[in-house]
Amino acid sequence: MNKNADRWKAVCDRDTSQNGVFIYGVKTTGIYCLPSCSSRQAKRENVDFYETTKQAEKAGFRACKRCLPDQFGASPQVDLIRKACEDLQNLETPPDLDSLAKAADLSPAHFQKVFKKIVGLSPKRYAMAVRKQRFLQGLNLSDSVTNAIYDAGYVSSSRAYADMTRGGVSPKSRQNGAKGEGIRFASAHSDLGDIIIGATARGICLVEFVQKGEGEELLRSRFPLADLKPADADLAVQAAQIVAQINHPTEGQNLPLDIRGTVFQERVWQALRDIPLGKTVSYGELATAIGQPTAARAVASAIAKNSLAVVVPCHRVVRGSGELSGYKWGVDLKQALLDLEKTTKKPAT
Ligand SMILES: [Zn+2]
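What counts, and where the lines are drawn
- Residues numbered from 1 in each chain as written.
- Predicted model: local features only at pLDDT ≥ 70, side-chain atom pairs only at ≥ 80, totals over all residues.
- Heavy atoms only, no water.
- Helix = DSSP H or I, 4+ residues; strand = E, 2+ residues; numbered from the N terminus.
- Buried < 20%, exposed > 50% of the residue type's maximum accessible area, 1.4 Å probe, protein only.
- Contact = heavy atoms within 4.5 Å.
- Areas by Shrake-Rupley, 256 points an atom, 1.4 Å probe, with all protein chains shown as cover.
- Axes fitted to C-alpha atoms, helices over the stretch in contact; angles between N-to-C directions.
- Parallel < 35°, antiparallel > 145°, perpendicular 65-115°, else oblique.
- Nonpolar A, V, L, I, M, F, W, Y, C, P; charged D, E, K, R; others polar.
- Core = buried A, V, L, I, M, F, W, Y, C linked by side-chain atoms within 4.5 Å.
- Domains from an automatic or database assignment.
- Pairing = 2+ DSSP bridges.
- pLDDT = per-residue confidence, 0-100.
- Donors = N, O, S within 2.8 Å, 3.2 Å for Na, K, Ca; no water.
- Tetrahedral: all angles 85-135°; square planar, octahedral: opposite > 155°, others 65-115°.
- Arc of directions from axis to C-beta.

1. Here we look at the overall build of the protein chain
Counting secondary structure elements, the protein chain contains 15 helices and 10 strands. Burial statistics for the protein chain: of 349 residues in total, 47% are counted as buried. Restricting to contacts in the protein chain with at least 6 residues of sequence separation, those with at least 24 account for 59%. Accessible area of the protein chain: about 17600 Å², with a carbon and sulfur share of 52%.

2. Considerations on the packing of helix H4 (residues 97-104) against helix H5 (residues 108-119)
Axis separation between H4 and H5 bottoms out at 9 Å; the angle between their running directions is 85 degrees. Between H4 and H5, the angle is such that the two are roughly perpendicular. Listed contacts from H5 to Leu 97, Asp 98, Leu 100, Ala 101 and Ala 104 of H4 are Pro 108, Phe 111 and Gln 112. Considered class by class, the residues forming the contact of H4 with H5 number six nonpolar, one polar and one charged.

3. Quick look at the nonpolar core
Ranked by size, the top nonpolar core spans 42 residues in total, and within it Ile 204, Phe 209, Ile 242, Val 268, Leu 272, Leu 286 and Ile 303 carry the most contacts. Counting residues per element, the ones that place at least two in this core are strand S5 (182-190), strand S6 (193-199), strand S7 (204-210), helix H11 (233-247), helix H12 (263-273), helix H13 (283-289), helix H14 (296-304) and helix H15 (331-343). For this core, the domains that each give at least three residues are domain 2 (177-247) and domain 3 (263-343). Dropping the residues within four chain positions of it, Leu 286 is found in contact with Val 268, Ala 271, Leu 272, Ile 275, Val 281, Val 299, Ile 303 and Val 317. One finds Phe 22, Ile 23, Cys 33 and Tyr 50 within the second-largest nonpolar core, a separate group that totals 21 residues.

4. Quick notes on the sheet that holds S6
The strand order across the open sheet formed by four strands is S7-S6-S5-S8, and the pairing between neighbours is mixed. Strand pairing shows two members of the sheet lacking a second neighbour, S7 and strand S8 (227-230), which therefore form its edges. On average, adjacent strands in this sheet sit at an angle of 30 degrees to one another, irrespective of strand direction. Against the sheet, helix H10 (residues 215-222) contacts S5, S6, S7 and S8, and its axis sits at roughly 130 degrees relative to S7. Here H11 sits on the sheet and contacts S5, S6 and S7; the angle it forms with S5, its principal contact strand, is near 40 degrees.

5. Let's talk about the pairing of S5
Across four bridges, S5 lies against S8 in parallel orientation. Each bridged residue has a counterpart across the sheet, and for Ile 183 the counterpart in S8 is Leu 228. Direction of pairing for S5 relative to S6: antiparallel, over a ladder of seven bridges. Across the sheet, the residue bridging to Arg 184 is Ala 199, located in S6. The turn joining S5 and S6, which pair antiparallel and follow one another in sequence, is formed by two residues.

6. Points about the confidence of the model for the protein chain
Predicted confidence across the protein chain gives a mean pLDDT of 79, with 82% of residues reaching 70 or more. Predicted confidence for residues 136-176 stays below pLDDT 50, and this span has 73 contacts to residues more than four positions away or in other chains.

7. A short note on the sheet that holds strand S4 (residues 62-63)
The strands making up a sheet associate through backbone hydrogen bonding, with each pair oriented either parallel or antiparallel. With mixed pairing, four strands are arranged side by side in an open sheet as S3-S1-S2-S4. Since the sheet does not close on itself, it has two edges, and those belong to strand S3 (47-50) and S4, each with one partner. In the sheet, strand S1 (residues 23-26) pairs with S3 via four bridges, with the strands oriented antiparallel. Residue Ile 23 lies in a different strand from S3, and its bridge partner there is Tyr 50. Here helix H1 (residues 3-13) sits on the sheet in contact with S1 and S3, set at roughly 105 degrees to S3.

8. Some points on the coordination of the zinc ion
Surrounding the zinc ion are the protein donor atoms Cys 33 (SG), Cys 37 (SG), Cys 64 (SG) and Cys 67 (SG), which sit 2.2 to 2.4 Å from the metal. Geometry at the zinc ion is tetrahedral, judged from the four donor atoms that bind it and their angles of 105 to 121 degrees at the metal. In the primary structure, the donors to the zinc ion are separated according to the pattern C-x3-C-x26-C-x2-C. Of the two residues, Cys 37 is situated in the loop between strand S2 (31-33) and S3 and Cys 64 in the loop between S4 and helix H3 (76-90); the sequence distance between them amounts to 27 residues.

9. Some details on H10
It helps to recall that an α-helix has 3.6 residues per turn; residues three or four apart then point in one direction. Taken residue by residue, H10 has Gly 215, Leu 218 and Leu 219 as its buried positions. Take H10 and look down its axis: the buried residues cluster within an arc of 100 degrees, on one side only. Of the surrounding secondary structure, the elements contacted by the buried residues of H10 are S5, S6, S7 and S8.

Okay, structure coming up:
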(Lines give C-alpha, C1' and ligand atoms only; values in the text may rest on other atoms or scores of the structure.)
Protein backbone atom coordinates (compact mmCIF):
# COMPACT_ATOMS: atom_id res chain seq x y z
CA MET A 1 0.00 0.00 0.00
CA ASN A 2 1.27 3.47 -0.67
CA LYS A 3 1.79 6.09 2.00
CA ASN A 4 -1.37 8.04 1.26
CA ALA A 5 -3.51 4.93 1.31
CA ASP A 6 -2.15 4.16 4.80
CA ARG A 7 -2.82 7.72 5.85
CA TRP A 8 -6.34 7.62 4.51
CA LYS A 9 -6.97 4.41 6.46
CA ALA A 10 -5.68 6.13 9.64
CA VAL A 11 -8.12 9.01 9.03
CA CYS A 12 -11.01 6.58 8.52
CA ASP A 13 -10.04 4.77 11.73
CA ARG A 14 -9.46 8.07 13.59
CA ASP A 15 -6.16 6.55 14.61
CA THR A 16 -4.75 8.55 17.53
CA SER A 17 -1.33 6.88 17.15
CA GLN A 18 -0.88 8.83 13.90
CA ASN A 19 -1.39 12.23 15.55
CA GLY A 20 1.78 14.22 15.11
CA VAL A 21 2.87 12.04 12.16
CA PHE A 22 0.77 13.79 9.55
CA ILE A 23 -2.26 16.03 9.18
CA TYR A 24 -4.89 16.24 6.49
CA GLY A 25 -6.62 19.18 4.86
CA VAL A 26 -10.18 19.06 3.55
CA LYS A 27 -10.47 21.11 0.38
CA THR A 28 -14.22 21.70 0.69
CA THR A 29 -13.93 23.31 4.13
CA GLY A 30 -10.40 24.75 4.03
CA ILE A 31 -9.65 23.15 7.39
CA TYR A 32 -6.85 20.82 8.42
CA CYS A 33 -7.07 18.16 11.11
CA LEU A 34 -5.24 15.52 13.09
CA PRO A 35 -5.86 11.95 11.92
CA SER A 36 -7.95 11.30 15.02
CA CYS A 37 -10.27 14.28 14.55
CA SER A 38 -13.86 13.47 15.34
CA SER A 39 -15.26 15.85 12.75
CA ARG A 40 -17.43 14.45 10.01
CA GLN A 41 -15.67 12.09 7.63
CA ALA A 42 -14.59 13.88 4.46
CA LYS A 43 -14.60 12.34 1.00
CA ARG A 44 -11.25 10.92 -0.06
CA GLU A 45 -11.06 13.08 -3.20
CA ASN A 46 -11.28 16.23 -1.07
CA VAL A 47 -8.41 15.29 1.23
CA ASP A 48 -4.76 16.28 0.94
CA PHE A 49 -2.04 15.11 3.32
CA TYR A 50 0.71 17.22 4.85
CA GLU A 51 3.65 16.51 7.10
CA THR A 52 3.57 19.80 8.98
CA THR A 53 1.01 22.41 9.98
CA LYS A 54 3.16 24.99 8.22
CA GLN A 55 2.73 23.22 4.89
CA ALA A 56 -1.03 22.96 5.40
CA GLU A 57 -1.27 26.65 6.30
CA LYS A 58 0.85 27.59 3.32
CA ALA A 59 -1.60 25.67 1.15
CA GLY A 60 -4.37 27.85 2.58
CA PHE A 61 -5.86 25.60 5.25
CA ARG A 62 -6.87 26.75 8.72
CA ALA A 63 -6.46 24.70 11.88
CA CYS A 64 -9.54 22.78 13.01
CA LYS A 65 -11.04 24.08 16.22
CA ARG A 66 -12.01 20.67 17.43
CA CYS A 67 -8.74 18.75 17.25
CA LEU A 68 -6.36 21.77 17.49
CA PRO A 69 -3.75 20.32 15.11
CA ASP A 70 -1.63 23.46 15.39
CA GLN A 71 -1.16 22.81 19.09
CA PHE A 72 -0.41 19.13 18.97
CA GLY A 73 2.38 18.32 21.42
CA ALA A 74 2.52 21.97 22.51
CA SER A 75 2.01 20.97 26.12
CA PRO A 76 0.73 17.99 28.10
CA GLN A 77 -2.17 20.16 29.23
CA VAL A 78 -3.32 20.77 25.68
CA ASP A 79 -3.18 17.04 24.99
CA LEU A 80 -5.27 16.32 28.08
CA ILE A 81 -7.86 18.85 27.02
CA ARG A 82 -7.86 17.53 23.46
CA LYS A 83 -8.65 14.09 24.87
CA ALA A 84 -11.51 15.56 26.89
CA CYS A 85 -12.86 17.29 23.78
CA GLU A 86 -12.71 14.01 21.89
CA ASP A 87 -14.68 12.31 24.66
CA LEU A 88 -17.24 15.09 24.63
CA GLN A 89 -17.52 14.74 20.85
CA ASN A 90 -17.53 10.99 20.55
CA LEU A 91 -19.40 9.54 23.50
CA GLU A 92 -23.13 9.13 23.15
CA THR A 93 -23.66 10.50 26.65
CA PRO A 94 -21.12 13.28 27.18
CA PRO A 95 -19.12 12.78 30.39
CA ASP A 96 -19.75 15.24 33.21
CA LEU A 97 -17.16 17.53 34.71
CA ASP A 98 -16.22 15.14 37.50
CA SER A 99 -15.43 12.25 35.19
CA LEU A 100 -13.57 14.47 32.70
CA ALA A 101 -11.47 15.87 35.53
CA LYS A 102 -10.81 12.40 36.89
CA ALA A 103 -9.64 11.16 33.48
CA ALA A 104 -7.25 14.11 33.30
CA ASP A 105 -6.11 13.54 36.86
CA LEU A 106 -7.04 17.07 37.90
CA SER A 107 -9.48 18.46 40.43
CA PRO A 108 -12.79 19.50 38.84
CA ALA A 109 -12.13 23.17 39.57
CA HIS A 110 -8.64 23.05 38.09
CA PHE A 111 -9.79 21.05 35.09
CA GLN A 112 -12.55 23.55 34.41
CA LYS A 113 -10.06 26.40 34.53
CA VAL A 114 -7.54 24.74 32.21
CA PHE A 115 -10.25 23.66 29.78
CA LYS A 116 -11.65 27.14 29.59
CA LYS A 117 -8.24 28.69 29.08
CA ILE A 118 -7.42 26.43 26.15
CA VAL A 119 -10.80 25.96 24.48
CA GLY A 120 -12.35 29.30 25.37
CA LEU A 121 -15.57 27.70 26.65
CA SER A 122 -16.45 25.85 29.82
CA PRO A 123 -16.80 22.05 29.40
CA LYS A 124 -20.54 22.45 29.87
CA ARG A 125 -20.87 25.01 27.09
CA TYR A 126 -18.60 22.94 24.89
CA ALA A 127 -20.92 19.95 25.41
CA MET A 128 -23.85 22.17 24.47
CA ALA A 129 -22.04 23.23 21.31
CA VAL A 130 -21.43 19.59 20.43
CA ARG A 131 -25.12 18.85 20.85
CA LYS A 132 -26.01 21.79 18.69
CA GLN A 133 -23.54 20.69 16.07
CA ARG A 134 -24.98 17.16 16.03
CA PHE A 135 -28.39 18.65 15.61
CA LEU A 136 -27.22 20.76 12.69
CA GLN A 137 -25.41 17.87 11.07
CA GLY A 138 -28.65 15.95 11.40
CA LEU A 139 -30.20 18.66 9.26
CA ASN A 140 -27.61 17.92 6.59
CA LEU A 141 -26.35 21.46 6.38
CA SER A 142 -23.17 22.00 4.47
CA ASP A 143 -19.85 21.92 6.28
CA SER A 144 -19.34 25.58 5.57
CA VAL A 145 -22.47 26.45 7.52
CA THR A 146 -21.45 24.23 10.39
CA ASN A 147 -18.07 25.89 10.41
CA ALA A 148 -19.75 29.28 10.35
CA ILE A 149 -21.45 28.34 13.57
CA TYR A 150 -18.16 27.34 15.10
CA ASP A 151 -16.61 30.56 13.95
CA ALA A 152 -19.53 32.55 15.28
CA GLY A 153 -18.37 31.58 18.72
CA TYR A 154 -19.90 28.29 19.73
CA VAL A 155 -16.42 26.89 19.88
CA SER A 156 -14.02 29.70 20.26
CA SER A 157 -10.82 30.23 18.44
CA SER A 158 -7.75 28.25 19.22
CA ARG A 159 -5.75 31.13 17.86
CA ALA A 160 -5.46 32.94 21.17
CA TYR A 161 -3.70 29.95 22.61
CA ALA A 162 -1.58 29.38 19.54
CA ASP A 163 -0.25 32.91 19.86
CA MET A 164 0.93 32.10 23.34
CA THR A 165 3.10 29.26 22.12
CA ARG A 166 4.36 31.08 19.03
CA GLY A 167 5.83 34.00 20.89
CA GLY A 168 4.64 37.53 20.39
CA VAL A 169 2.15 39.00 22.78
CA SER A 170 0.27 36.33 24.66
CA PRO A 171 -3.42 36.59 25.52
CA LYS A 172 -2.29 36.51 29.12
CA SER A 173 -0.11 39.53 28.56
CA ARG A 174 -3.14 41.17 26.95
CA GLN A 175 -5.29 40.34 29.94
CA ASN A 176 -2.61 41.74 32.12
CA GLY A 177 -2.88 44.96 30.17
CA ALA A 178 0.10 44.16 27.95
CA LYS A 179 2.39 44.01 30.97
CA GLY A 180 5.93 44.96 30.13
CA GLU A 181 5.17 45.38 26.45
CA GLY A 182 6.68 48.44 24.85
CA ILE A 183 4.09 50.59 23.11
CA ARG A 184 5.11 53.78 21.38
CA PHE A 185 2.42 56.36 20.98
CA ALA A 186 1.72 59.53 19.07
CA SER A 187 -1.07 62.08 19.36
CA ALA A 188 -2.08 63.91 16.23
CA HIS A 189 -4.72 66.32 14.93
CA SER A 190 -6.80 65.49 11.90
CA ASP A 191 -9.50 67.56 10.22
CA LEU A 192 -12.06 65.33 11.91
CA GLY A 193 -10.60 65.41 15.39
CA ASP A 194 -7.69 64.34 17.52
CA ILE A 195 -6.37 60.81 17.27
CA ILE A 196 -4.10 58.64 19.35
CA ILE A 197 -1.90 56.06 17.67
CA GLY A 198 -0.17 53.18 19.45
CA ALA A 199 2.45 50.87 17.99
CA THR A 200 4.29 47.79 19.17
CA ALA A 201 7.49 46.47 17.63
CA ARG A 202 5.28 44.62 15.14
CA GLY A 203 3.22 47.53 13.94
CA ILE A 204 0.36 49.87 14.69
CA CYS A 205 -1.94 48.34 17.28
CA LEU A 206 -4.33 51.20 17.97
CA VAL A 207 -5.82 54.20 16.19
CA GLU A 208 -8.67 55.91 17.96
CA PHE A 209 -10.41 59.23 17.83
CA VAL A 210 -10.20 61.00 21.19
CA GLN A 211 -11.19 64.22 22.87
CA LYS A 212 -8.44 66.78 22.96
CA GLY A 213 -5.70 65.85 25.40
CA GLU A 214 -7.24 62.52 26.35
CA GLY A 215 -5.22 60.29 24.07
CA GLU A 216 -2.64 59.09 26.51
CA GLU A 217 -5.32 58.36 29.08
CA LEU A 218 -7.24 56.25 26.58
CA LEU A 219 -4.10 54.35 25.58
CA ARG A 220 -3.34 53.76 29.25
CA SER A 221 -6.84 52.36 29.76
CA ARG A 222 -6.46 50.02 26.76
CA PHE A 223 -3.00 48.78 27.80
CA PRO A 224 -2.82 49.55 31.53
CA LEU A 225 0.48 47.79 32.17
CA ALA A 226 2.33 48.46 28.95
CA ASP A 227 5.53 50.40 28.94
CA LEU A 228 4.37 53.53 27.08
CA LYS A 229 7.00 55.46 25.20
CA PRO A 230 6.80 58.59 23.08
CA ALA A 231 6.85 58.21 19.30
CA ASP A 232 10.10 57.64 17.49
CA ALA A 233 10.73 58.96 13.98
CA ASP A 234 9.11 55.94 12.31
CA LEU A 235 5.89 56.32 14.22
CA ALA A 236 5.84 60.07 13.65
CA VAL A 237 5.95 59.44 9.91
CA GLN A 238 3.23 56.82 10.16
CA ALA A 239 1.08 59.15 12.25
CA ALA A 240 1.38 61.77 9.54
CA GLN A 241 0.32 59.18 6.96
CA ILE A 242 -2.75 58.29 9.01
CA VAL A 243 -3.71 61.95 9.41
CA ALA A 244 -3.30 62.38 5.64
CA GLN A 245 -5.49 59.35 5.07
CA ILE A 246 -8.23 60.89 7.22
CA ASN A 247 -7.98 64.38 5.71
CA HIS A 248 -7.58 63.28 2.10
CA PRO A 249 -8.89 59.74 1.85
CA THR A 250 -6.76 57.48 -0.30
CA GLU A 251 -6.60 53.78 -0.86
CA GLY A 252 -4.62 51.66 1.61
CA GLN A 253 -1.37 53.03 2.96
CA ASN A 254 0.31 49.70 3.61
CA LEU A 255 1.27 50.61 7.13
CA PRO A 256 2.64 47.80 9.30
CA LEU A 257 -0.22 46.71 11.54
CA ASP A 258 -0.23 44.65 14.70
CA ILE A 259 -3.76 43.32 14.45
CA ARG A 260 -4.88 41.13 17.31
CA GLY A 261 -8.09 39.22 17.45
CA THR A 262 -9.60 35.81 17.11
CA VAL A 263 -9.38 34.09 13.74
CA PHE A 264 -12.92 35.17 13.03
CA GLN A 265 -12.33 38.80 14.00
CA GLU A 266 -9.21 38.96 11.88
CA ARG A 267 -11.09 37.62 8.89
CA VAL A 268 -13.75 40.29 9.35
CA TRP A 269 -11.14 43.03 9.73
CA GLN A 270 -9.34 41.84 6.63
CA ALA A 271 -12.62 41.94 4.72
CA LEU A 272 -13.11 45.54 5.91
CA ARG A 273 -9.77 46.45 4.43
CA ASP A 274 -10.95 45.05 1.10
CA ILE A 275 -13.91 47.47 0.86
CA PRO A 276 -12.92 50.06 -1.72
CA LEU A 277 -12.64 53.71 -0.82
CA GLY A 278 -15.94 55.56 -1.12
CA LYS A 279 -18.03 52.36 -1.04
CA THR A 280 -20.22 51.03 1.74
CA VAL A 281 -21.43 47.49 2.39
CA SER A 282 -24.01 46.01 4.76
CA TYR A 283 -23.26 43.64 7.62
CA GLY A 284 -24.92 40.88 5.61
CA GLU A 285 -22.78 41.59 2.55
CA LEU A 286 -19.65 41.49 4.64
CA ALA A 287 -20.75 38.19 6.19
CA THR A 288 -21.24 36.83 2.69
CA ALA A 289 -17.87 38.18 1.62
CA ILE A 290 -16.13 36.08 4.26
CA GLY A 291 -18.16 33.05 3.20
CA GLN A 292 -20.44 33.01 6.22
CA PRO A 293 -23.71 34.57 5.16
CA THR A 294 -25.47 33.54 8.36
CA ALA A 295 -22.98 35.28 10.63
CA ALA A 296 -24.05 38.92 10.21
CA ARG A 297 -24.44 39.43 13.95
CA ALA A 298 -21.07 37.94 14.75
CA VAL A 299 -19.64 40.17 12.02
CA ALA A 300 -21.22 43.22 13.68
CA SER A 301 -19.67 42.38 17.03
CA ALA A 302 -16.25 41.80 15.43
CA ILE A 303 -16.53 45.22 13.78
CA ALA A 304 -17.33 46.80 17.14
CA LYS A 305 -14.02 45.42 18.44
CA ASN A 306 -11.95 47.06 15.74
CA SER A 307 -9.37 49.29 17.40
CA LEU A 308 -7.79 50.66 14.24
CA ALA A 309 -10.09 53.51 13.19
CA VAL A 310 -9.96 54.43 9.49
CA VAL A 311 -6.94 52.17 8.87
CA VAL A 312 -9.34 49.23 9.16
CA PRO A 313 -12.30 51.07 7.64
CA CYS A 314 -15.20 49.81 9.72
CA HIS A 315 -16.98 53.09 8.95
CA ARG A 316 -17.74 51.65 5.50
CA VAL A 317 -20.26 49.20 6.96
CA VAL A 318 -23.87 50.36 7.18
CA ARG A 319 -27.26 48.79 7.73
CA GLY A 320 -28.89 46.91 4.87
CA SER A 321 -31.31 49.82 4.59
CA GLY A 322 -28.41 52.21 4.03
CA GLU A 323 -28.83 53.76 7.48
CA LEU A 324 -25.54 54.44 9.18
CA SER A 325 -26.08 52.39 12.38
CA GLY A 326 -23.49 52.80 15.11
CA TYR A 327 -19.83 53.75 15.12
CA LYS A 328 -17.42 53.25 17.96
CA TRP A 329 -16.31 56.86 17.73
CA GLY A 330 -19.74 58.40 17.09
CA VAL A 331 -22.17 58.35 14.17
CA ASP A 332 -21.42 61.98 13.23
CA LEU A 333 -17.81 61.09 12.70
CA LYS A 334 -18.82 58.09 10.60
CA GLN A 335 -20.96 60.34 8.41
CA ALA A 336 -18.12 62.84 8.08
CA LEU A 337 -15.65 60.13 7.05
CA LEU A 338 -18.03 58.76 4.42
CA ASP A 339 -18.84 62.23 3.07
CA LEU A 340 -15.18 63.02 2.78
CA GLU A 341 -14.49 59.78 0.93
CA LYS A 342 -17.27 60.46 -1.54
CA THR A 343 -16.14 63.97 -2.30
CA THR A 344 -12.43 63.28 -2.49
CA LYS A 345 -11.31 62.85 -6.03
CA LYS A 346 -9.18 59.84 -6.62
CA PRO A 347 -5.67 60.90 -7.57
CA ALA A 348 -4.96 60.53 -11.25
CA THR A 349 -2.78 57.55 -11.93
ZN1 LIG B 1 -10.25 18.48 13.33
